[in-house]
Amino acid sequence: MDLIKSLDWIVALEMWFISEHGKVEQTISHGQLDILQLTENTSNFPMLNWLFDNFYNDPVIYPNISKSLANEILALANDFTSKNRKQYLPSCQVLNEFFGKAFAENQVIYTISD
C-alpha cells in the first residue's frame, strides 16, 4: 500500500516556460490526474478535457489556452468547494497560479510526459 501511495506523486507531466526571471516549472503527478479525470466528458471544462486527452502527447500550451485552463481550474475549484471535495483545492490553486502566470507573461508552456 505504501508503494501505491508513493506512486501517486511520481511526476506524470512536467511543464515549464521561460519568464524574464528564468525558468518557471510545474508538474502534474499521477495522483493529481484525478482532477483532470473528474472533468472528463463534462462540457463545462473543454480545455481541461483537451489537456487530459493530450496529456501523454507532450502538448504545447499557448497563452490563450493557459488563460482558459486557469479559468476552468478556478471554476473547478469552486465546484469542488460546493461538493465538499476540498482535498483537491491545493492542487487547483497551484495549477491556476501556474497557468495564470504563463498567460499574464504571454509565455508558451512546454511539456513532457512520462
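Here goes a summary of the coordinates provided. Keep in mind the model is a prediction, meaning the values are calculated, not measured. (Residues numbered from 1 in each chain as written. Predicted model: local features only at pLDDT ≥ 70, side-chain atom pairs only at ≥ 80, totals over all residues. Heavy atoms only, no water.)

Helices and strands together make up the secondary structure of the protein, namely five helices and three strands. Traced from its N-terminal end to its C-terminal end, the protein shows the element sequence α-β-β-α-α-α-α-β. In summary, the protein has a C-alpha radius of gyration of 14 Å against a globular reference of 13 Å for 114 residues, a match within 12%. Seen through its C-alpha atoms, the protein measures out along the principal axes to roughly 40 × 30 × 25 Å. Out of the 114 residues in the protein, the part that is buried amounts to 38%. At a minimum sequence separation of 6, the contacts of the protein that also span at least 24 residues come to 59%. The averaged location of the 14 negative side-chain charges in the protein is 8 Å from the averaged location of its 7 positive side-chain charges. (Helix = DSSP H or I, 4+ residues; strand = E, 2+ residues; numbered from the N terminus. Rg over C-alpha atoms; globule rule 2.2 N^0.38 Å. Buried < 20%, exposed > 50% of the residue type's maximum accessible area, 1.4 Å probe, protein only. Contact = heavy atoms within 4.5 Å. Lys, Arg positive; Asp, Glu negative; His and termini not counted. Charge placed at Lys NZ, Arg CZ, Asp CG, Glu CD.)

The next thing to look at is the pattern of salt bridges. Applying the stated criterion across every chain yields a total of three salt bridges. Among the ionic pairs, Glu-25 bridges to Lys-23, the shortest N-O distance being 4.0 Å. The class for Glu-25 is exposed, based on a relative accessible area of 52%. Of the residues examined, Lys-23 reaches a relative accessible area of 49% and is grouped as partly exposed. Measuring nitrogen to oxygen at the nearest pair gives 3.3 Å for the salt bridge that ties Asp-79 to Lys-83. On the basis of relative accessibility, which here comes to 25%, the residue Asp-79 falls in the partly exposed class. Of the residues examined, Lys-83 reaches a relative accessible area of 51% and is grouped as exposed. (Salt bridge = Lys/Arg side-chain N within 4 Å of Asp/Glu carboxyl O.)

Turning our attention to the packing of helix α3 (residues 46–53) against helix α4 (residues 63–82). Between α3 and α4, whose axes approach to 8 Å, the crossing angle comes to 110 degrees. On the basis of the axis angle, α3 is roughly perpendicular to α4. Taking contact as the criterion, the partners of Pro-46, Met-47, Leu-48, Trp-50 and Leu-51 in α3 are, on α4, Ile-65, Ser-68, Leu-69, Glu-72, Ile-73 and Leu-76. Taken together, the residues that form the contact of α3 with α4 break down as nine nonpolar, one polar and one charged. (Axes fitted to C-alpha atoms, helices over the stretch in contact; angles between N-to-C directions. Parallel < 35°, antiparallel > 145°, perpendicular 65-115°, else oblique. Nonpolar A, V, L, I, M, F, W, Y, C, P; charged D, E, K, R; others polar.)

This part takes up the nonpolar core. With 29 residues, the main nonpolar core has Met-15, Leu-51, Phe-99 and Ile-109 as its most contacted residues. Elements with a minimum of two residues in this core: β1 (11–19), β2 (22–29), α2 (33–37), α3, α4 and α5 (89–104). Ranked by residue count, the leading element in this core is α4, at seven residues. When residues no more than four places from it in sequence are discounted, the contact partners of Met-15 are Val-24, Glu-25, Gln-26, Ile-28, Leu-95, Phe-98, Phe-99, Ile-109, Tyr-110 and Thr-111. (Core = buried A, V, L, I, M, F, W, Y, C linked by side-chain atoms within 4.5 Å.)

For the rest of this paragraph, the subject is the packing of aromatic side chains. Given two aromatic rings, their pairing is described by the distance between the two centres and the angle made by the two planes. Counting across every chain of the model gives five aromatic pairs. Summarising the aromatic geometry, the rings of Phe-55 and Tyr-56 are spaced 5.1 Å apart at their centres and angled 70 degrees between planes, so their arrangement reads as edge-to-face. The exposure class assigned to Tyr-56 is partly exposed, which follows from its relative accessible area of 44%. Each residue in the set Phe-17, Phe-98 and Phe-99 is aromatic and connected to the rest through ring pairs, giving one cluster. Lying over the aromatic face of Trp-16, Lys-23 brings its terminal NZ or CZ to 5.2 Å of the ring centre. (Phe/Tyr/Trp six-rings, centres within 6.5 Å; stacked < 30°, edge-to-face > 60°. Lys NZ or Arg CZ within 6 Å of the ring centre and 35° of its normal.)

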